[in-house]
2 protein chains.
Amino acid sequence: MTEGCAARTSAAPAETAGRRPTLAVVGATGVVGTVLLEILSQREDVWGEIRLVASARSAGRKRAVRGAETEVLALSEDVFEGVDVAMFDVPDEISARWAPIAVAKGAVVVDNSAVFRMDPDVPLVVPEINAHAARVRPRGVIANPDCTTLSMIVAVGALHAEFGLSELIVSSYQAASGAGRAGVDTLRAQLAAVAGTELGGQPGDVRRAVGDGTGPFPAPLALNVVPWAGALREDGWSSAELTVREESRKILGLPELRVAATCVRVPVVTTHSVTVHARFENEVTVAQAHEILANAPGVVLVDNPAAGEFPTPADAVGTDPTWVGRVRRSMDDPTALELFVCGDNLRKGAALNIAQIAEFVAAELTTP
Amino acid sequence: MTEGCAARTSAAPAETAGRRPTLAVVGATGVVGTVLLEILSQREDVWGEIRLVASARSAGRKRAVRGAETEVLALSEDVFEGVDVAMFDVPDEISARWAPIAVAKGAVVVDNSAVFRMDPDVPLVVPEINAHAARVRPRGVIANPDCTTLSMIVAVGALHAEFGLSELIVSSYQAASGAGRAGVDTLRAQLAAVAGTELGGQPGDVRRAVGDGTGPFPAPLALNVVPWAGALREDGWSSAELTVREESRKILGLPELRVAATCVRVPVVTTHSVTVHARFENEVTVAQAHEILANAPGVVLVDNPAAGEFPTPADAVGTDPTWVGRVRRSMDDPTALELFVCGDNLRKGAALNIAQIAEFVAAELTTP
Ligand SMILES: NC(=O)c1ccc[n+]([C@@H]2O[C@H](COP(=O)([O-])OP(=O)(O)OC[C@H]3O[C@@H](n4cnc5c(N)ncnc54)[C@H](OP(=O)(O)O)[C@@H]3O)[C@@H](O)[C@H]2O)c1
Ligand SMILES: NC(=O)c1ccc[n+]([C@@H]2O[C@H](COP(=O)([O-])OP(=O)(O)OC[C@H]3O[C@@H](n4cnc5c(N)ncnc54)[C@H](OP(=O)(O)O)[C@@H]3O)[C@@H](O)[C@H]2O)c1
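Residues numbered from 1 in each chain as written. Chains lettered and ligands numbered in written order. Predicted model: local features only at pLDDT ≥ 70, side-chain atom pairs only at ≥ 80, totals over all residues. Heavy atoms only, no water.

**Q** Before we move on, can you summarise the pattern of salt bridges with the specific residues and values?
**A** Any two side chains of opposite charge can pair, given that their charged atoms come close. The tally for this structure, following the rule as stated, stands at 52 salt bridges over all chains. The residue A:Asp84 makes a salt bridge to A:Arg19 at a minimum N-O spacing of 2.9 Å. Residue A:Asp84 is located in the loop between strand 4 (68-74) and strand 5 (85-88), and its partner A:Arg19 is located in the loop between helix 2 (13-16) and strand 1 (23-26); the two are separated by 65 residues in the primary sequence. With a relative accessible area of 3%, A:Asp84 lands in the buried category. Each of A:Glu167, A:Arg258, A:Arg279, A:Asp333, B:Glu167, B:Arg258, B:Arg279 and B:Asp333 takes part in one network of salt bridges that share partners. (Salt bridge = Lys/Arg side-chain N within 4 Å of Asp/Glu carboxyl O. Helix = DSSP H or I, 4+ residues; strand = E, 2+ residues; numbered from the N terminus. Buried < 20%, exposed > 50% of the residue type's maximum accessible area, 1.4 Å probe, protein only.)

This is the structure in structure tokens:
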């Protein structure tokens with residue numbers, strides 16, 4: 001099998017049968033990469049060699065994975081030699097340039113950037129919902145959805161399978177780490193500047209205290225919420241908002257689904273929350289929704305407000321599932337449900353979903 | 001005119017004609033009361049004597065209003081002697097007991113508690129929308145709406161007047177001061193506990209740091225968002241959520257309006273934010289919505305994301321208007337708009353609206 005052929009289909013099972021596949025983690029030193037190494041150390045180990053890759057800045061540093069200190073390699077063509085699966089957790093432009101190179105070298109790429117997600121020749125995969133789509137990858141690339149979509153889609157997908165989804169109206173409460181290490185550092189620095197003060201009650205006082213230190217955010221995030229994430233797209237929409245629409249449609253296989261999202265950043269370190277107004281083709285009840293969510297793989301139902309039980313980021317962070325609570329049927333529409341959903345944007349929202357996809361590919365490659 | 005009569009209509013213009021009306025501020029030492037005193041000092045002065053009232057705990061303390069240090073009186077029947085208008089900014093049970101007493105003494109009560117808002121004999125007033133309703137007050141009481149409803153209703157009302165509102169789907173980002181002084185103190189103490197730490201990345205780490213210090217909130221608020229406000233009502237809804245539905249219907253005079261709200265507390269000191277999906281009877285355009293909002297009294301339009309301009313709590317806090325931005329027409333529904341709205345929950349959300357209502361009554365009382 002030539003490299004060119006590998007780019008269009010998957011590596012032949014024969015090649016990897018009898019040995020464990022080699023994995024490259026590109027972006028191993030980033031926020032997502034760091035969580036990925038933790039997850040690789042926690043999950044059942046299906047991998048042979050694991051190669052860690054980042055920029056030349058990080059070359060020679062060590063990172064622990066599966067208990068072994070492993071040297072970080074600088075990104076180059078050579079690092080993909082003999083690699084079966086390459087996970088990419090790097091900025092868009094690095095994925096755009098290097099994913100095709102990894103594919104040409106024979107790897108299946110699982111990419112976490114925004115570059116390939118809407119490419120019709122690239123499957124966009126959430127294993128609980130559309131694992132089958134990962135088998136057809138004409139460009140040798142499988143895309144990992146955006147973290148905001150991922151934070152809710154497992155729960156929404158389970159309800160869709162039963163009731164038939166017709167509309168989603170979504171508002172997000174997105175964590176700082178969705179903007180990478182710079183986002184976390186910015187929020188922590190701003191919190192240090194406002195804690196112990198009386199700030200937050202006068203126009204612009206937080207803005208003055210924070211000064212130019214808004215990092216990747218277009219306004220202060222401490223003691224504030226910022227109704228903007230991503231880049232400006234058409235008609236006043238942000239890329240984060242259109243991403244929720246486009247990716248939900250693609251993952252669920254519903255190209256006509258009505259979706260309206262408003263994406264807002266909040267001063268939380270990690271774990272995105274989302275309020276969902278989901279309208280279905282059929283009437284719904286809270287009891288049915290509870291039963292579906294309680295049994296859905298990858299979902300935890302926490303919904304007993306009388307006992308003070310509902311999901312919050314502080315509880316969901318660092319855990320794998322999508323947490324769902326506050327399930328209510330709209331008083332004025334028996335076909336609609338209101339939900340509050342939390343998901344760790346670095347785990348299910350990124351690293352965990354990538355690991356799940358990569359394991360799916362590994363199983364495919366090693367099954368004769 | 002007897003006291004009994006005063007309870008059913010307003011004080012006779014003849015009584016106050018020729019003199020400025022006497023005002024009592026009940027709850028003058030609270031979070032809302034404090035802002036009210038500021039506002040009374042800033043607005044055109046229509047009042048004669050201003051009497052400050054709180055619990056016996058505060059009696060004898062001094063508070064500045066209109067530049068004069070004024071002694072706080074303990075709540076009693078006597079404090080309402082000769083009072084024309086009494087503003088109540090106290091807990092529900094104090095309003096329930098004392099508002100009828102103030103009315104019996106001849107005052108018109110403008111009440112900010114939840115007790116009277118849905119009483120069919122009590123008007124629920126937002127001067128920009130339904131000032132006329134304040135004239136008909138069979139119980140002598142005018143209710144001030146809840147802060148979350150007030151944070152958005154001026155903007156929504158302006159759009160309704162033009163397009164005819166049919167549905168509201170709302171998610172809130174509510175500030176700590178919506179829970180009074182205890183809410184602000186709790187958030188500040190929690191921020192001091194988490195600032196300068198690495199907390200926020202592990203399950204329960206914020207919860208452990210905060211311990212029992214969650215104050216009026218059912219979960220930690222620093223580095224977190226809490227999908228709960230108010231008390232548990234039927235079918236899993238919180239009182240805050242049903243309040244948005246019931247009060248929006250009453251203020252707009254649309255008893256059949258479809259409303260679904262999810263209320264979430266965020267770590268902001270003051271200023272509630274709301275995302276709104278508003279569906280109308282007719283097609284809408286962003287250009288028309290911009291024009292309406294730019295000209296609506298009490299509304300500021302801040303909507304130029306290309307220049308990084310949208311409302312945030314840090315900018316809206318301490319100001320009077322309702323700030324609106326992120327105006328988008330739903331891609332899948334030409335009759336629906338998405339908005340992001342911010343309003344200072346202590347000003348327009350409480351004290352300012354009360355001051356406006358009271359001034360309306362004062363004008364009525366003094367106009368022959
Ligand atoms: N954070 C999230 O919640 C989230 C969720 C979903 C998707 N994503 C996407 O995942 C990707 C990574 O995000 P992140 O949050 O982990 O970002 P990050 O913390 O900034 O990490 C970026 C990673 O990319 C590497 N990198 C940067 N420039 C490079 C270059 N020229 N050559 C090789 N490696 C380079 C960095 O290596 P050095 O340390 O050597 O610079 C680092 O390992 C992005 O595409 C992001 O949009 C993030
Ligand atoms: N905060 C908001 O955003 C907001 C918005 C809309 C409506 N509201 C409503 O407005 C009211 C006041 O809220 P707040 O946030 O200002 O509360 P707060 O900060 O706790 O203040 C409560 C006020 O009530 C007084 N009070 C308490 N018990 C009393 C008693 N037994 N007799 C006389 N006065 C008594 C207090 O006086 P002492 O200082 O002497 O105890 C204080 O002045 C509540 O009904 C609240 O639901 C609040």
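**Q** Would you mind going over the relation of the copies chain B and chain A in detail, with residue names and values included?
**A** With an RMSD of 0.0 Å, chain B superimposes on chain A once it is rotated by 180° and translated 0.0 Å along the axis. This pairing of chains is accounted for by a two-fold axis. Most of the interface of chain B is mirrored in chain A: 100% of its interface residues are interface residues there too. (Least-squares fit on C-alpha atoms with pLDDT ≥ 70 in both. Contact = heavy atoms within 4.5 Å.)

**Q** Could you give an account of the site of ligand 2, naming the residues involved and the relevant values?
**A** Residue and element names in this part refer to chain B. Looking at ligand 2, there are 27 residues lining it, with Thr29, Ser55, Arg57, Ser58 and Val90 nearest. Taking Thr29, its side chain carries an N or O atom lying 2.5 Å from an oxygen atom of ligand 2. Between ligand 2 and Ser58, the relevant distance is 2.4 Å, taken from an oxygen atom to a side-chain nitrogen or oxygen of the residue. Broken down by secondary-structure element, the contributors of at least two residues to the shell around ligand 2 are helix 3 (31-42), helix 7 (180-194) and helix 12 (347-366). For the shell around ligand 2, the class distribution of residues is 11 nonpolar, 12 polar and four charged. (Near = heavy atom within 4 Å. Polar contact = N/O pair within 3.5 Å; in protein donor to acceptor, adjacent residues only side chain to side chain. Nonpolar A, V, L, I, M, F, W, Y, C, P; charged D, E, K, R; others polar.)

**Q** How would you sum up the pairing of strand 2 (residues 50-54) of chain A? Please name residues and give values.
**A** Residues and elements named next belong to chain A. Burial runs high along strand 2: five of the five residues are buried. Burial along strand 2 is two-sided: Ile50, Leu52 and Ala54 facing one way and Arg51 and Val53 facing the other are all buried. Relative to strand 2, strand 1 is paired through four bridges, and the arrangement is parallel. Pairing of Leu23 across the sheet is with Ile50, part of strand 2. (Pairing = 2+ DSSP bridges.)

**Q** Outline the environment of B:Leu75, listing residues and values.
**A** Residue and element names in this part refer to chain B. Relative to the assigned elements, Leu75 resides in the loop between strand 4 (68-74) and strand 5 (85-88). When the C-alpha atoms of Leu75 and Ala56 are compared, they prove to be 6.9 Å apart, with 19 residues separating the residues in sequence. Once residues within four sequence positions are removed from consideration, Leu75 is found in contact with Val26, Val53, Ala54, Phe80, Ile94 and Trp98.

**Q** Outline the UniProt feature "binding site: phosphate" (unreviewed entry) in chain A, listing residues and values.
**A** Residues and elements named next belong to chain A. On the UniProt side, "binding site: phosphate" (unreviewed entry) is annotated at positions that read Arg117 here. Note that Arg117 resides in the loop between strand 6 (108-111) and helix 5 (127-130). The exposure class assigned to Arg117 is buried, which follows from its relative accessible area of 7%. If near-sequence neighbours (up to four positions away) are discounted, Arg117 is found in contact with Asn112, Val122, Leu124, Ala143, Asn144, Pro145, Asp146, Glu247 and Lys250. At a separation of 3.1 Å, a polar atom in the side chain of Arg117 contacts the main-chain carbonyl oxygen of Ser113. (UniProt positions renumbered as here; feature names shortened; annotations may be inferred.)

**Q** Mind laying out the nonpolar core, listing which residues take part and the relevant values?
**A** Counting residues in hydrophobic clusters, the biggest one holds 59 residues, and the most contacted among them are B:Ala86, B:Phe88, B:Met152, B:Leu159, B:Leu165, B:Leu168 and B:Val276. In terms of residues, this core owes the most to one element, helix 6 (residues 147-163) of chain B, which gives nine residues. Not counting residues up to four positions away in its chain, the partners in contact with B:Met152 are B:Leu168, B:Val170, B:Val244, B:Ser248, B:Val274, B:Val276 and B:Val341. The next biggest cluster of nonpolar side chains, apart from the first, holds 57 residues, and it includes A:Val53, A:Leu124, A:Ala229 and A:Ala296. (Core = buried A, V, L, I, M, F, W, Y, C linked by side-chain atoms within 4.5 Å.)

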